[in-house]
Structures are given as C-alpha cells and as structure tokens.
Amino acid sequence: MADELIYQSATQLAAQLAAGKISAVELVQACLARRQAVDGRVKAFNSCDEAGALAAAKASDARRAAGQARGPLDGIPVGFKDVIAVEGQPLTCSSKMLANFVSPYDATVTLKLKAAGAIPFGRLNMDEFAMGSSTENSAFGPTANPWDLTRVPGGSSGGSAAAVAAGEVPLTLGSDTGGSIRQPAALCGIVGLKPTYGLVSRYGLAAFASSLDQIGTMAHTVGDAALLLGAIAGHDPRDSTSFKAEVPDYRAALAAKKGPWRLGVPREFFGAGLDPEIGAAVKQAIEFYRKQGCEIKEVALPLAAEYAIAVYYLIATAEASSNLARYDGIRYGHRSKAATDVAGVYFQSRAEGFGPEVKRRIILGTHVLSSGYYDAYYLRAQKVRTLIRNEFTAVLRDCDALLSPTSPVPAFKLGEKSADPLAMYLTDIYTISVNLAGLPGISIPCGFTGGGLPIGLQLIGRPFDEAGLLAVAQAYESAHDWHTKHPSL
Amino acid sequence: MNYEAVIGLEVHVQLKTASKMFTRVAAGYGQPENTLTDPVVLALPGALPVLNKEALDKIITAGLILDCAIAPVCKWDRKNYFYPDSPKNYQISQYDQPICVGGTVEIELPGPSRNVMGEHKKIPLTRIHLEEDVGKLNHGASDSLVDYNRAGTPLMEIVSEPAMHSADEAFAFLTALRTAMVQGGISDCDMEKGQLRCDANISIRPVGETKLGVKVELKNLNSISFVRDGIAHEIRRQVAVLGSGGTIVQETRDYDGQTGASQSLRSKEMAHDYRYFPDPDLMPVKVDEAWLAVIRPTLPERMFDRQRRYLEQFQLPYTLTSVLVPSLALGAFFEEAAKLSGKPQAAANWITNDLQRELAAAGVELAASKVRPAHIAGLVKLVESGVISSNIAKEVFVAMFATGEQADAIVERKGLKQSTDTGELEKWVTDAIAADPKAAAGFKGGNEKALNAIKGAVMKASKGKANPQLVDQIARKLLA
Amino acid sequence: MSTQPDLNLDYLANLARLALTDAEKAEFAQQLGDILHYVEKLKQVDVSGVEPMAHASPVFNVWQPDVVAPGLPVEAALRNAPARREDMIVVPKVVE
Ligand SMILES: [Mg+2]
Ligand SMILES: [Zn+2]
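So, how was this worked out
- Residues numbered from 1 in each chain as written.
- Chains lettered and ligands numbered in written order.
- Predicted model: local features only at pLDDT ≥ 70, side-chain atom pairs only at ≥ 80, totals over all residues.
- Heavy atoms only, no water.
- Phe/Tyr/Trp six-rings, centres within 6.5 Å; stacked < 30°, edge-to-face > 60°.
- Helix = DSSP H or I, 4+ residues; strand = E, 2+ residues; numbered from the N terminus.
- Buried < 20%, exposed > 50% of the residue type's maximum accessible area, 1.4 Å probe, protein only.
- Axes fitted to C-alpha atoms, helices over the stretch in contact; angles between N-to-C directions.
- Parallel < 35°, antiparallel > 145°, perpendicular 65-115°, else oblique.
- Left-handed = near helix turned anticlockwise from the far one by under 90°.
- Contact = heavy atoms within 4.5 Å.
- Nonpolar A, V, L, I, M, F, W, Y, C, P; charged D, E, K, R; others polar.
- Polar contact = N/O pair within 3.5 Å; in protein donor to acceptor, adjacent residues only side chain to side chain.
- Pairing = 2+ DSSP bridges.
- Buried area = accessible area lost by both parts, 1.4 Å probe.
- Salt bridge = Lys/Arg side-chain N within 4 Å of Asp/Glu carboxyl O.
- Core = buried A, V, L, I, M, F, W, Y, C linked by side-chain atoms within 4.5 Å.
- Donors = N, O, S within 2.8 Å, 3.2 Å for Na, K, Ca; no water.
- 1 Å grid on protein atoms, 1.4 Å probe; cavity = no way out; pocket = protein on both sides within 12 Å on 5 of 7 lines; lining within 4 Å.
- Points joined across faces, edges and corners; volume = space filled by probe spheres on them.
- Domains from an automatic or database assignment.

### Re the packing of aromatic side chains
(1) Moving on: Summed over all chains, the structure comprises 28 aromatic pairs over all chains.
(2) Moving on: Seen from their ring centres, A:F243 and A:F464 are 4.4 Å apart, and the 20° between their planes marks the pair as stacked. One end of the pair, A:F243, is in the loop between α8 (222-232) and α9 (250-256); the other, A:F464, is in the loop between β11 (454-461) and α17 (466-478), and 221 residues separate them in sequence.
(3) Moving on: Take A:F243: its relative accessible area is 29%, and that puts it in the partly exposed class.
(4) Moving on: Residue A:F464 is classed as partly exposed on the basis of its relative accessible area of 26%.
(5) Moving on: With 3.9 Å between their ring centres and 10° between their planes, B:Y95 and B:Y276 make a pair best called stacked. Here B:Y276 lies in the loop between β16 (261-264) and β17 (277-278) and B:Y95 lies in the loop between β6 (90-93) and β7 (100-101), a separation of 181 residues in the sequence.
(6) Moving on: Ring pairs connect the aromatic residues A:F101, A:F129, A:Y327, A:Y332 and A:F354, which therefore count as one cluster.

### Focus: the packing of helix α12 (residues 422-435) of chain B against helix α14 (residues 450-461) of chain B
The geometry of a pair of packed helices is captured by two quantities: the angle between their axes and the separation between those axes.
Residue and element names in this part refer to chain B.
(1) Moving on: The interhelical angle for the contact between α12 and α14, taken along N-to-C directions, is 125°, at an axis separation of 9 Å. Considered as vectors, α12 and α14 are oriented oblique to each other. Crossing of α12 over α14 shows right-handed handedness. Residues W428, V429, A432 and I433 of α12 pack against I454, A457, V458 and A461 of α14.
(2) Moving on: Tallied by class, residues from the contact of α12 with α14 come to eight nonpolar, no polar and no charged.

### Here we look at the side chain of B:D281
(1) Moving on: By the secondary structure assignment, B:D281 is in the loop between β17 and β18 (285-286).
(2) Moving on: Within the structure, the side chain of B:D281 is placed 3.0 Å from the side chain of B:R78, a separation counted as a polar contact.
(3) Moving on: B:D281 has contacts with A:R202, A:S210, A:S240, A:T241, B:L48, B:P49, B:R78 and B:Y90, leaving out every residue within four places of it along the chain.

### A look at the sheet that holds β17(B)
All names here are of chain B.
(1) Moving on: Here three strands make up an open sheet; going across it, the order is β6-β5-β17 and the pairing antiparallel. With partners counted over all chains shown, the strands left at the sheet margins are β6 and β17, one partner each.
(2) Moving on: Here strand β5 (residues 77-80) pairs with β17 via two bridges, running antiparallel. Residue pairing for β17: D77 is matched across the bridge by P278.

### Digging into the interface of chain B and chain C
(1) Moving on: Listed as interface residues are 49 residues of chain B and, on the opposing side, 36 residues of chain C.
(2) Moving on: Between chain B and chain C, a total of about 3,800 Å² is buried, with carbon and sulfur atoms accounting for 61% of that surface.
(3) Moving on: The interface formed by chain B and chain C contains one salt bridge.
(4) Moving on: As a salt-bridge pair, B:D143 and C:R85 come within 2.9 Å of each other at their nearest N and O atoms.

### Looking at the nonpolar core
(1) Moving on: Residues A:L73, A:L113, A:F129, A:L173, A:Y289 and A:L459 are the most contacted members of the largest nonpolar core, which totals 199 residues.
(2) Moving on: Per-element tally for this core: the top contributor is helix α11 (residues 302-323) of chain A, with 13 residues.
(3) Moving on: Once you skip the residues sitting within four places of it in the chain, A:Y289 turns out to touch A:L263, A:C294, A:I296, A:L403, A:L457, A:L459, A:V472, A:A473, A:A475 and A:Y476.
(4) Moving on: In terms of nonpolar packing, the next biggest core, distinct from the first, is built from 103 residues, B:I107, B:V371, B:V380 and B:V396 among them.

### A few points about the pattern of salt bridges
(1) Moving on: Tallying each qualifying case throughout the model produces 61 salt bridges over all chains.
(2) Moving on: The salt bridge involving B:E169 is made with B:K121; its shortest N-O contact spans 2.3 Å. Note that B:E169 is positioned in helix α2 (residues 167-183) and B:K121 in strand β9 (residues 120-132), a separation of 48 residues in sequence.
(3) Moving on: Overall, the relative accessible area of 5% leaves B:E169 in the buried class.
(4) Moving on: Accessibility expressed as a relative area gives 28% for B:K121, which makes it partly exposed.
(5) Moving on: B:R357 is the partner of B:D354 in a salt bridge, and the nearest nitrogen-oxygen pair spans 3.4 Å. Of the two residues, B:D354 and B:R357 are both situated in helix α8 (residues 344-362); the distance of three residues between them amounts to about one turn of the helix.
(6) Moving on: Look at B:D354 and you get buried, because its relative accessible area is 2%.
(7) Moving on: The structure contains a network of salt bridges with shared partners spanning A:R202, A:D239, B:R78, B:D279 and B:D281.

### Quick look at the coordination of the zinc ion (ligand 2)
Residues and elements named next belong to chain B.
(1) Moving on: Protein-derived coordination of the zinc ion (ligand 2) comes from H12 (NE2), E131 (OE) and E157 (OE), at a distance range of 1.9 to 2.1 Å.
(2) Moving on: Taken as an interatomic distance, the gap from the zinc ion (ligand 2) to the magnesium ion (ligand 1) is 3.7 Å; E157 donates to each of them. Note that E131 is positioned in strand β9 and E157 in strand β12 (residues 154-160), a separation of 26 residues in sequence. Accessibility assignment for this pair places E131 and E157 in one class, buried.

### Quick notes on unusual backbone geometry
(1) Moving on: Of note, the amide linkage connecting A:G155 to A:S156 takes the cis form, showing an omega dihedral of 10°.
(2) Moving on: Secondary-structure assignment places A:S156 in the loop between β3 (119-124) and α6 (158-165).
(3) Moving on: Here the amide bond leading from A:G259 into A:P260 is cis, since omega sits at 0°, within 30 degrees of zero.
(4) Moving on: Within the fold, A:P260 resides in the loop between α9 and β7 (262-266).
(5) Moving on: With a phi close to 60°, B:D67 is a non-glycine residue in the positive phi region.

### As for the layout of surface pockets
All names here are of chain B.
(1) Moving on: Taken as a whole, the second largest pocket holds about 760 Å³ of empty space.
(2) Moving on: Along the walls of the second largest pocket sit 27 residues, with E108, T175, M303, S322 and P326 positioned nearest its centre.
(3) Moving on: Going through the elements one at a time, β8 (104-108), α2, α5 (303-313) and α6 (318-324) are the ones with two or more residues in the lining of the second largest pocket.
(4) Moving on: Taken domain by domain, the lining of the second largest pocket gets at least three of its residues from each of domain 1 (3-294) and domain 2 (301-414).

### Focus: empty space enclosed by the protein
All names here are of chain B.
(1) Moving on: For the coordinates displayed, the defined rule picks out nine cavities of 30 Å³ or more.
(2) Moving on: Estimates place the volume of the largest cavity at around 210 Å³.
(3) Moving on: If you go around the largest cavity, you meet 22 residues; those closest to its centre are V40, V41, K88, E132 and G152.
(4) Moving on: Of the residues in the lining of the largest cavity, the class split is 12 nonpolar, four polar and six charged.

### Quick look at the packing of α8(A) against α17(A)
All names here are of chain A.
(1) Moving on: Running from N to C, α8 and α17 cross one another at 160°; their axes reach a closest spacing of 9 Å. With respect to α17, the axis of α8 lies roughly antiparallel. On the side of α8, the interface is formed by V222, G223, A226 and L229, while α17 contributes E466, L470, A473, Q474 and E477.
(2) Moving on: Within the contact of α8 with α17, the residues separate by chemical class into five nonpolar, two polar and two charged.

### Section: the interface of chain A and chain C
(1) Moving on: Contacts between the two partners involve 61 residues from chain A, matched on the other side by 54 residues from chain C.
(2) Moving on: Summing both sides of the interface, chain A and chain C together bury roughly 5,100 Å²; the carbon and sulfur share of this comes to 70%.
(3) Moving on: Contact with chain C buries area across many residues of chain A, yet A:F347, A:I363 and A:R380 alone supply 13% of it, more than any other trio.
(4) Moving on: A salt bridge links A:E306 to C:K41; its shortest N-O distance comes to 3.0 Å.
(5) Moving on: In this structure, the connection of chain A to chain C is made through 15 residue pairs in polar contact (both at pLDDT 80 or more).
(6) Moving on: Contributing elements (two or more residues each) for the side of chain A that touches chain C: α11, α12 (342-353), α13 (356-369), α14 (375-397) and α15 (421-425) of chain A.
(7) Moving on: If you tally residues by element for the side of chain A that touches chain C, the top one is α14(A), at 11 residues.

### Re the pairing of β12(B)
Residue and element names in this part refer to chain B.
(1) Moving on: Most of β12 is tucked away: seven of the seven residues are buried.
(2) Moving on: Alternating residues of β12 divide into P154, M156, I158 and S160 and L155, E157 and V159, and every residue in both groups is buried.
(3) Moving on: Here five bridges tie strand β1 (residues 3-14) to β12, and the two strands are oriented antiparallel to one another. Directly across from H12, in β12, lies its bridge partner E157.
(4) Moving on: As paired strands, β9 and β12 are joined by seven bridges and run antiparallel to one another. By the bridge assignment for β12, E131 is matched with L155.

This is the structure:
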C-alpha cells in the first residue's frame, strides 16, 4: 500500500483522499516510512515532527469524515525548506547560528497552508541561509542527489528538491533568490516554480536578499506546482512588497489555455559553458513546441547574459549583509561561550555561528555598501539591474514565454565546486537574471544525460502570468513522461 | 577675544500613535518588560516591516506646522550599526530623501521683563525625517538587561541648522518646538518618558569669523532646562579652553544636569560607516496635494500667530496672552468665554488668574473643570451690569468652581445681589455714621479719605452687597 | 588571481562584527578579490540617466492603519533567548 503512494502526484493523492480510498494518516505514515527508509542516505530533512504530522493527519481525516474537508490539499503533507517559519517547529536556516531556534510564529504561507488543511511535514535541508547552489553549505551536512548519491542535489533548496525526487513527500516549499528552486529542481528531475516577485508573501521567510527572495513550489508535476501555488499566492498586508493581484485558479488555467504560443529563445543562453547533452535536450524541447504550432523566435538578452551574475552578487550580498545583522547572539540564536563583553558576543557568536559562505557574502556585502564604494558597486549594480529588467520587458512584449536550460551543467559531484565560489556562482547563469527582473520562472524535467542525470528546461514568463507559464509547461509535460521516472533508492 | 557660539540641535520626538512604526503591536510606556513585542519588533527571522499610516500623517502635520516643504516622494533607508538595544542591528530611517525639508521654528527670547514681549526669531530647520526608536538598556552591576518595549516606536528626528547662538535661544527653540508638537497632537513631548530627546552640537568662533569652529556634541540633555544649562556650560568650557591657548577636540560629551558638569564619552575607536541603503522591504511614499489637503484643515493655529491675534483682536495685555497661548485648550476656552461674554479682557482676567489658581490648587485639569466658558461669561455679565461687585464675584467664582452652578444661580441662592434699595442703604449709612462720629466729623471737616471708613463699614454690614456708587451718593448726602 | 588592494578585511570584519581568523582573511582576500575583479565588468555598461532599481516592482504607499494587533506573549518572545532574567534579555554589561 505505502509503496504505491510514494510517487503519486499530490493531485492523484487528493483524488484518492476525496474518494475515501486512502486516509491522511495512511498517507503521512507512508511518507514517514519512506523517509525512514531513504533519508539516511539522501539527508533531505533537518528534522521532522512526526507526532505533529500524524496529529494533523488525524484532524484532517476527522474533518473529511464530518464532510468539512477544506479542499484538495486537506491531508496532503507539504515539506518546508528550513527557512520558512512554522510555529513551534525549528527554524534553523541550516545554520549553527539557529541550531536551537524554535519559531514562535507562522509564516503567512504556513498560515495559508494550515487553513487549506495541508500538513506541515518536516524541515528541509538547504544551503545555510539559502546561500549556495549545492546544499553543501549546510551546518548539518550536505544533502545527496537521489539520482546519484555522490552528487549534489543543487541548491539552495536542495533538501526540498531531493525530498520530492526521493518520494519522501509529494510537495515542498522552497525559496529562490537566484535560482534556488529551479536549479535543484532541474538537478533532481522535478518541477520547481519561482513565482513573480510579490505574488507570494515573504512574511516568515528568513531573508537572504529581500528584493530577490521569493517562496515557490516544488513537485512531481506542473499540476501539483499549480495546486500548491494557488494555496500560497495572494496579497499579504504583512509584506509591503506583496502585490495586490487577483489569484486565478491556476489548475483551471492549465486545462483552459492551449496555445499555440509565441516562445522566445534567448540566443546567449546557449553559448559556451553549456553542457552539450543539456543543450541538445533543451533544443529537442524547443522542437516539440515548434511542432505544436508555436512560433519560436530567437531573442537577445545580451545584458542579462553578460552582467546578471555580477549585478546579483553585489545586490544580494549587500542586502544579505544587513539582513543577517540580526543574528547577533543577543535575543536568540547562538551566543558564544567565550564572550565576556558585548563586542565578544557579536564577534565570537557570529564567527562561530556562520559558515564560510555566509561569512564571505557578509564581508562582500559590507564592502559593497561601505563608504567610498557604494556608488561604484551597489548603485551601479542597481542601475544595471534596471537595464536588465527593461531588456526582459522588451523581449516579453512579443513572447508569451522564454525557453532556456535551467542549469548549464547537470548535478555535479559533492565537493567538486566548493573550493571556488565564483565557479559555483556561474552555475546560476540562466536563472539569476529572472530574479533580477522579478519574473516568474519554472523548471520542468526534459530528459536525462547519458549518465542518467536529470535535465531541466526553464520557462520564463511575464510578471504575474503564472497561469500562462504553467499552461506552456503543462503542454510539454502532457506529451512526455520524464516526470514519471524516479530514482532507484 | 570675543567668541560667538554656534549651536545646532537634533531633536528626537516620539509620535503619539497607538501602534509602532513598522508593525501593529501596541506602542506604550510603563508596561511590563517585553510585553510590547512581536516578530517584527524582535527582528525574528522572517519578520517584515509595514508602515504606520498615522505616523506619516503626524510627521506631515509637523512639517506643515513648521513650514517645511513636504517631499513629493520619500523613501526608507537602513542605517547599519550594531547595538544591543537595536534588534535588527539596523535602524529604518530616511537618509537622502526625508519627508520634510527645510522649515522654521519661531522662537521668542526673554524680554526685558515678564510683562514685555521679547525678540522673535525664526530658526531654520534642515529636515525632519521618520525612523524607529530602539529598546531600553537597564544597567546592572555586572550585566545589562534589555527591554524591547520601546523598540520600534515611531520617532521623528528634527534637525536644526547651526543657527542658534546662545543657550537661551536653544531653550526657546525647544520650548516653541515642544508647544508646536503638543498643540499639533503629534507628541506629548514628556521628556521624563523620553518622548522628546535632544542632542546639541556646539562650537565657538571669534566674532566676525564665518568659518565654523570644531564642534562638540552634547548628549543626554534630558530636560529643557538641562539643555540650556548644558549648552551654557559647554560654551564657557570652550571659551576657557581657547582662552588658555588650548584647542577644542571633536568629541561627544555627556552633560550631567544634577552636577552641572560634563565629561567626554569614550571616543569611538573608528569613524561610523553606517552603510545606508534603500530598505528593500519598504516601498517609497508619494505625498500628493490631495493628501496635504486632508491634513491642512486639521492644523492648529501656530502659537505666536494666536498670540498676535489676541494682542490685536482682543487688545489683551502681553502678560495675559503669554499665559493663554501655550495651551490650545486654554486658548479655546478663553475664546469661547470672550465670545459668550463679549468682554475678552474681563474673561481673560478670570481665566488667567482665578481659574488657573483654582485649577492648580485643586490639582484639576482644565478639561475636568466644572467652570466652563459659559460660567465665565455669566459671571462677567453680572459684574458688568452691576448686579454684583467684583469682590462678590470672587466669592461667586469659588462657588462656581466647587459646584459647577451658574453664577446667577449662586447669586440668587446666596442672596448676593447688590442692594440698590435706597431705604435699606440709608439705614446702613446712618448706622455707620452713628458708629463712627470721628470719621463723619473728619469728612465734614474736609478730609475726603474719612468717607472711606464709613463706606467700608457699610460694605461690611451689608456683607458686600451694597452698591458702592449708591453708598457713596447717600453718604455724601447725609453728611452734607 | 588578483587581490583587491582596497579590500580592507579588518575594517569590514569590524563593521560586520565578525571575527575572522588569519586563515579566513587570507582565503577571503583571494576569493573576494576574484569576485571583485569579475564584477569590474559592470564598468563597461553605460548607466547614464538610468534609475537605480531598489525594488522589483514600482509600488508606492503601502501601509496599514494605526490599529493595534496582538503581539507575542513574553514567554514566546523570550523562548529563544540565550540568557534572560526578570523578563529581559541579559547581555554583558554595556559600557556607553
Ligand atoms: Mg541622526
Ligand atoms: Zn535619529
């Protein structure tokens, strides 16, 4: 029984719950059993409140029995990247700094999911404070790629991607600042959606880079990503950057929107550094759309291609250096035992609490904002960011969506890039500009390398047109079976 | 050598709002420690700020009262520095685009005497911006305890130009500023509660020199008189240093109002580098004419404008106006009484003397006073029409204050009407002459003053009710 | 690779209140030097007349009315405190 549930989509599970074929308790037990069986090797989870999940499942079953089920997510377990607050649960950001921190409040997305009856199921590993592209920068050790345990799952939402890919939980939340949902989704062979900046509230998401961070959904299918997005999207008065937009029925839109579409292919996203197998798989996907009657246009994004990473690392680190100042060992978090004065509390607690990548970015961000360098670095980066956004706006005037690889490389070996931060940063080359422009982006499986590693196709949409973007993705998924392949664990 | 002092003030004023600047947990004073917090106040991971609209309305009100230009667009910046009372280790403030630019504070310097108006000046402001307050550190013997109740309270920073030249000017500036803020409903400005806090930048230079001298920042000036005393002390100190051939070092000094001495605060090991940058969590604010048009009608009349009006429109003496104008409520009370009575001066006298005295003695606020403007007007009318004497009126006022009864009712109930019954008056005068033949003889002998003894006896016998004019007439007739 | 001569790690570590070991300083000097060298390319872009982008969307006037909402009970507020006494956070004595 349990094994049959593992790789079913949330949409299928919802149907079975609704039909009374399974109970939420059975579903949670199946997930717990799977986690028990594989997570010792995958290490997707930082923690899991098993009793809490079972209690929530019981409550869901009781609601359903009373005819008060709250909708398709009622009784479905959802994993949380360990950067999103759930009241009474740990919120570690995979940092020693917050190793013992328990959140006294719920993020807005958490409140929304609880209201929908979803079951918060465990805390998922990540790069510390979402800084990284491999989940190796975790104070609790790296997560492994379920397709090849010697390789990284991508990052920073590596735990969220691996947990879905390994069948431990059908849906997870991630966060994406420069590709942190799409890149691990691609490397783990699942669907990862980063919504338009402002569509999903950031309240309760521990900030990395506030003007870029966005919570998004990770799932087996496009339909599942749409299902979860519908539950978490929408205006939030607690987040000043949250947009006052109507939330459409994304799942209905999937069925309704059929194309053909005008699709842009950014010329620069297929240049040097792109793994040939990935390039070939993505070109095949483009051919699929052409055969479906879509108009395929080559477009140019020269500024995004050339400067996005530089702009990103100036803006993101500047914001991070300020956002992470609150981790000081005073009100919560790690306080150094060696500290004898207040300065010691600061200097030593932060030295002991943060890992090397976090320290590196705090120092870089501090430099970028410091007296004498602000104009040359931070202000200039903000201006180039404007130009990059304008470039996307112009291109998307004539295109419904853009197609590109998600990552230039498939899952790399654990430890392979960790000594060279710049090389690691360059793996985000196709995803980062989407965050700079604030656009929605999705990665869907589009094949495998000869070595059996998943390949992701990135689709980039217009602001707040998640419905359109998901429909384009759905058209591909419906005609292919990549998403039905699973790693053997 | 003669020196001129140059003084600029930086004033922090807490805004009177129900909730905090960037979150809706209650703002307040005197609550149990750490009971006014939430994830935003404590800077918990994931918490985000959202502006308080009322704080914006209040700073715009302040800006309009002080003739500032209201910026069409202002934005929010992070000021990065570490301190245990600062939960985020950055303060959300306004750096290069504050909401209020320029403006002035009209001040009045002490006149030659209390009865004479002093010189007026307009002290220019640099800017006013909005930010958030920090928590409170309680220092113990071996450690410090932090209470975050105050953290996140809306705070307005008012920066003056270095345009004052004496401690008296600084004192007058703060007094006028506080009045404007209180009258605008912007803040209660209670310095004991930290609702108004002031730092002063002070330098001196030889008279005639235009370049500014080295400035010293004076901190912890926690009452308005300490500001005056501290600045005067610092000016004397700097003059003495330069006079003895020394040099002024740029530093921050702490003034102790109790001992009247200042000491240098441990100089910071490194210059500040606050790394200001636009807060990505907060959207800029656009202020359009429609918004200002909503606020303008709510602005109170400025204190000195009102004082000028009282002097001109009501012909009040300066001393009375200077009692009436510092309080909006008292001014409004007066204007109502003036209107109802038609006798502004008489009404002003009752209010500034008798009413103020009784309120102070009873420890009662004006708002709770049983004497309302109509009572004053009724009393003024009784005196003006000769129904009671001013002496009786004093007695009636005390009764009104105690009971809230109208003056005419008290006069009626106590039978205090002036007697104009000539038969009764003649009897009192006849008795008085009989009782004091010496005075009667004196008057007859040409001593005008001797009549006063007779009249006094009549007033006493009549318990003040005898009409003094009639008594005078009758006495002269009977002694003729 | 290049190290930035103007990357003052002691100064930055002090601003960021972050104690760095000599080994970390040496490593960061090299790595951050590479990154700063990489971002030099932004100097090629003509940004004259371009507005800086501080937010992903140009929205103004986001606020809430001044209506009090409940906060955290003291217990919840202080549950993660490393040291507390009398419902306050304890820190080593702050010398002002
Ligand atoms: Mg200041
Ligand atoms: Zn200030």
